[in-house]
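# A structural walkthrough
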Amino acid sequence: MSVTSEATTTWKGSLFEGSGEIALESSNQGPFAVNWKARSEGSDSVTTPEELIAAAHSSCFSMALSHALAENGTPPTSIETTASVTFIPGTGITGSHLNVNAAVPGLGAEDFARIADEAKAGCPVSAALSAIEITLEATLA
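Let me begin by describing the structure that accompanies this report. (Residues numbered from 1 in each chain as written. Predicted model: local features only at pLDDT ≥ 70, side-chain atom pairs only at ≥ 80, totals over all residues. Heavy atoms only, no water.)

### As for a nonpolar patch on the surface
A cluster of nonpolar side chains, Trp11, Leu15 and Phe16, forms an exposed patch at the surface whose accessible area comes to about 320 Å². One can find Phe16 in the loop between strand E1 (7-12) and strand E2 (19-24). We classify Phe16 as exposed; its relative accessible area is 57%. (Patch = residues over 30% accessible without salt bridge, like charges linked within 9 Å, V, L, I, M, F, W, Y side chains within 5 Å. Areas by Shrake-Rupley, 256 points an atom, 1.4 Å probe, with all protein chains shown as cover. Salt bridge = Lys/Arg side-chain N within 4 Å of Asp/Glu carboxyl O. Helix = DSSP H or I, 4+ residues; strand = E, 2+ residues; numbered from the N terminus. Buried < 20%, exposed > 50% of the residue type's maximum accessible area, 1.4 Å probe, protein only.)

### Observations concerning the sheet that holds strand E6 (residues 133-140)
Spatially, 3 strands are ordered E4-E5-E6 in an open sheet, and the strand pairing comes out mixed. Since the sheet does not close on itself, it has two edges, and those belong to strand E4 (78-88) and E6, each with one partner. Neighbouring strand axes in the sheet, compared pairwise and without regard to direction, differ in orientation by 15° on average. Taken together, the 11 bridges between E4 and strand E5 (residues 92-103) define a ladder with antiparallel strand orientation. (Pairing = 2+ DSSP bridges. Axes fitted to C-alpha atoms, helices over the stretch in contact; angles between N-to-C directions.)

### Some remarks on the environment of Ala33
Within the secondary structure layout, Ala33 lies in strand E3 (residues 32-35). The partly exposed category is assigned to Ala33, whose relative accessible area is 38%. Between the alpha carbons of Ala33 and Glu21 there is a distance of 4.5 Å; along the sequence they are 12 residues apart. Not counting the four nearest positions on each side in its chain, Ala33 is found in contact with Gly20, Val46 and Thr47. (Contact = heavy atoms within 4.5 Å.)

Written out as structure tokens, the structure reads:
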């Protein structure tokens, strides 16, 4: 069985002067505002495509890591992952940095780093982002 997820963006105006709204199919939250200024200069109140990619990457990686740790016989008690996706105007998306901090009883730092790296490689969103550099910083709590 396949699952298809949807988001819809409504855009009005040109790239530089226009703006849009993103609606997520599964959520009653939003709509989320999006515009070029936020994308090219940053914003604390308007989302960007890169922020949405970061949300997808951090959540997918957290799920992959949780599964890998459980398969190892060392299920985590908590995982917190931040994905930082970099965008350079005129160049595009250049990378995603995963910073994970997890509490995993009975697991050493070396084994945790190895399992986290394997989870990064096996994460479906990492695979979808294979055209960019993906880096990982993994720390045990």
